[in-house]
Amino acid sequence: MDILNELNLSKETLNCIADEFSSSLKKGLAKNGQMLKCLPTYITQVPNGREFGKFLVVDLGGSNLRVGCAILKGDRTWTLDRKKWMLSE
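Figured I'd write up the structure that's included with this text. (Residues numbered from 1 in each chain as written. Predicted model: local features only at pLDDT ≥ 70, side-chain atom pairs only at ≥ 80, totals over all residues. Heavy atoms only, no water.)

As for the overall build of the chain
Secondary structure assignment for the chain yields two helices and three strands. Listed N to C, the secondary structure of the chain is α-α-β-β-β in terms of helices and strands. Relative to a compact globule of 89 residues, whose C-alpha radius of gyration would be 12 Å, the chain shows 19 Å and is clearly more extended. Its C-alpha atoms put the chain at 45 × 35 × 35 Å along the principal axes. For the chain, the residues scored as buried account for 8% of the 89 residues in total. Looking at the chain alone, contacts between residues at least 24 apart form 12% of all its contacts between residues at least 6 apart. Per element, the accessible surface of the chain, about 8,600 Å² overall, is 59% carbon and sulfur. If the 13 positive side-chain charges of the chain are averaged to one point and the 10 negative ones to another, these points end up 10 Å apart. (Helix = DSSP H or I, 4+ residues; strand = E, 2+ residues; numbered from the N terminus. Rg over C-alpha atoms; globule rule 2.2 N^0.38 Å. Buried < 20%, exposed > 50% of the residue type's maximum accessible area, 1.4 Å probe, protein only. Contact = heavy atoms within 4.5 Å. Areas by Shrake-Rupley, 256 points an atom, 1.4 Å probe, with all protein chains shown as cover. Lys, Arg positive; Asp, Glu negative; His and termini not counted. Charge placed at Lys NZ, Arg CZ, Asp CG, Glu CD.)

Now the structure itself:
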């Protein structure tokens, strides 16, 4: 059996997954203690590529801490200097 065939999902199944995910997001944003924990975003506009400045980037995942400095140059280009540390118990 071709393993790729097992990864094909019908449009109906994909729509069902998307609906369930959307519902879980709404519940997670509405109150604490939900299965999907969510934090509200304070982003009010879609980026247009003219943004500029230095920004702190922090990602605390389950097993890693990533910290970086993103420099947006205002001309749709950017640089990212980052470091990663494994978290211990």
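That was the structure; now back to the text.
Structural notes on the pattern of salt bridges
The final tally for this structure, using the stated rule, is one salt bridge. Across the pair aspartate 59 and arginine 66 runs a salt bridge whose closest N-O atoms are separated by 3.2 Å. A relative accessible area of 36% places aspartate 59 in the partly exposed class. (Salt bridge = Lys/Arg side-chain N within 4 Å of Asp/Glu carboxyl O.)

Re the sheet that holds strand 1 (residues 52-60)
Taken together, three strands build an open sheet; the order of strands is 1-2-3 and the sheet is antiparallel. The open sheet is flanked by strand 1 and strand 3 (78-86), the only strands paired with a single partner. Between one strand and the next, the sheet's axes are offset by a mean angle of 10°, whatever the strand orientation. With nine bridges connecting them, strand 1 and strand 2 (residues 64-73) associate as antiparallel partners. When the sheet's bridge partners are listed, valine 58 is paired in strand 2 with valine 67. (Pairing = 2+ DSSP bridges. Axes fitted to C-alpha atoms, helices over the stretch in contact; angles between N-to-C directions.)

Re a nonpolar patch on the surface
A cluster of nonpolar side chains, namely Ile3, Leu4 and Leu7, defines an oily patch on the protein surface of about 340 Å² accessible area. As for its placement among the helices and strands, leucine 7 is situated in helix 1 (residues 3-7). (Patch = residues over 30% accessible without salt bridge, like charges linked within 9 Å, V, L, I, M, F, W, Y side chains within 5 Å.)

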